[in-house]
Every structure is written in C-alpha cells, then in structure tokens.
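# Chains, contacts and geometry: an overview
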Amino acid sequence: MSTRTALVILLLGLSRPAAAGPANSPLPTFADGKPAQAVYTALGVIRNNNLQTDVACTSLEATPVDIGFEVFDETGALRNNVGGAGSLCNTGSRVAQACTLDNSTDTLNGCPGAVCPGCCVPGSGAILAVAPGRTVTIGTAGTAELHEDATMVFNTAGNGLPNLRNGSGRVVATSLNVFCTALLADKLHTICDPAAPCSLPPPTIVNVPLIRVP
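About the thresholds
- Residues numbered from 1 in each chain as written.
- Predicted model: local features only at pLDDT ≥ 70, side-chain atom pairs only at ≥ 80, totals over all residues.
- Heavy atoms only, no water.
- Pairing = 2+ DSSP bridges.
- Helix = DSSP H or I, 4+ residues; strand = E, 2+ residues; numbered from the N terminus.
- Axes fitted to C-alpha atoms, helices over the stretch in contact; angles between N-to-C directions.
- Disulfide = S-S within 2.5 Å.
- Buried < 20%, exposed > 50% of the residue type's maximum accessible area, 1.4 Å probe, protein only.

## Details of the sheet that holds strand 9 (residues 164–173)
Across the sheet, five strands lie side by side as 7-3-9-1-12; this open sheet has antiparallel pairing. Two strands lie at the open edges of the sheet, namely strand 7 (126–130) and strand 12 (210–212), each paired on one side alone. The sheet shows a mean angle of 15° between the axes of neighbouring strands, direction not considered. One ladder, built from six bridges, connects strand 3 (residues 65–72) with strand 9; its direction is antiparallel. Among the inter-strand pairings, Phe-69 is bridged to a residue of strand 9, identified as Val-171.

Okay, here's the thing in structure tokens:
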C-alpha cells in the first residue's frame, strides 16, 4: 500500500461521524443474547433536581419480548447498559460494574466506597421476556408518585455525572410491536388525598415527546 493510499484511508476514517446519541449509537444486545431494534427516540430526558423520566411500554407481540430504555447525556454519551446482566454498583469506585454482594468492603464482588445496603442493585434499564399484553415501566430512577418495574445505574461516560440535564433516550426492544409513552415525574412527592389536610402543591408530571423510529 502506498503512502498516499494510506493517507486517504486515514482521512476517510477521521471524517466519519462518531457513534453518539440515540440515532448513531450501535444497537445493543440484551443479556439473553437477543439483538435489539430501535422503537422510539425520546427528547428531553431528564434526571436532575429530583425529576426523573419514566417510559411505560405495552407489548402487543404474540410472544415474549425484551424491552429496554437507553439514555444519553448532553454530550451524546450512552449512560446505561441494557445488556448488563444481574446487579450493578450504583455508586463507589466500581460504579456500573457487576456486583453480587451488597456491601462496601468486598473489592471484587461488592461496591467499595459506596453506601450500603442498597448499593448493589438491578440497574440495566431493561426488562426481559415481557409477556404478551403486559405493560412495564422503566425509569431513570424510582419515583414516589409512579411505579417503576426497573430502573438504571449510570456509568461514568460523557460528563461523568449521575444526572441528565439535557438528555435524550432510545426505547429498544426485540420486536417493533411495542408501544410506549414517556413521563417526566417528581421523584420525591406524591399526589395528596383531597380529603386529608394537605398544603403541598401537586407534584410535577408531564409528557416527554417520543418519536417512533421509521
């Protein structure tokens, strides 16, 4: 290969756009080995100032499907791994790495530097083998006013912070016969019972735009 040919190949490689964000990041494989398809792109995904984003999806497929919610920060970096199997450390020096012990002393199987118990948790942002007709909710974290079947642990890619200030997302599944809605919800507060004394304002809950992937 001549020097000129090598230079041309190098320049062509440098001109390719980096894989980033919901449109350009490679599609994942779920923990059961099944490849994912892109179903929706989510705009304005937030995990910040006690606001969290949930997606609720119903499977209309005749057989079980895997469903996942990938999130990206403002740099376009993917912040969770829907293909992760088992539990992950949610803080500490092994954040987003696999763990089997919910403690902060085991440097191989636990979560050193984390506050435990509650540091080794399911955190892929995916639910496997969703039965026909079932609806599941996946959130960036748990909320007081909604129910989440699964949440996610953030890795240290992109801005490295455990939040999404200007985020985006991608709903992926093993079938396109999945239909979803997304909500931005208050993490801390619930809706007050009108019959009981309550001085708190209604907590935030608004729709997050979802765009069906062609």
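There is more to say, and it comes next.
## Digging into the state of the cysteines
Scanning the model with the defined rule gives five disulfides in all. There is a disulfide in this structure between Cys-89 and Cys-111, and the S-S distance comes to 2.1 Å. Between Cys-89 and Cys-111 the disulfide shows an S-S torsion of about -90°. By sign, it is left-handed. With Cys-89 in strand 4 (residues 87–89) and Cys-111 in the loop between strand 5 (98–99) and strand 6 (120–122), this pair connects stretches of sequence that are 22 residues apart.

## Side note on the pairing of strand 1 (residues 37–47)
In terms of residue burial, strand 1 counts as a mostly covered element, since eight of its eleven residues are buried. Sheet analysis places strand 1 next to strand 9, joined by eight bridges and oriented antiparallel. Bridge pairing links Tyr-40 to Val-171 in strand 9. Alignment of strand 1 against strand 12, held across three bridges, turns out to be antiparallel. Along strand 12, the bridge assignment pairs Tyr-40 with Arg-212.

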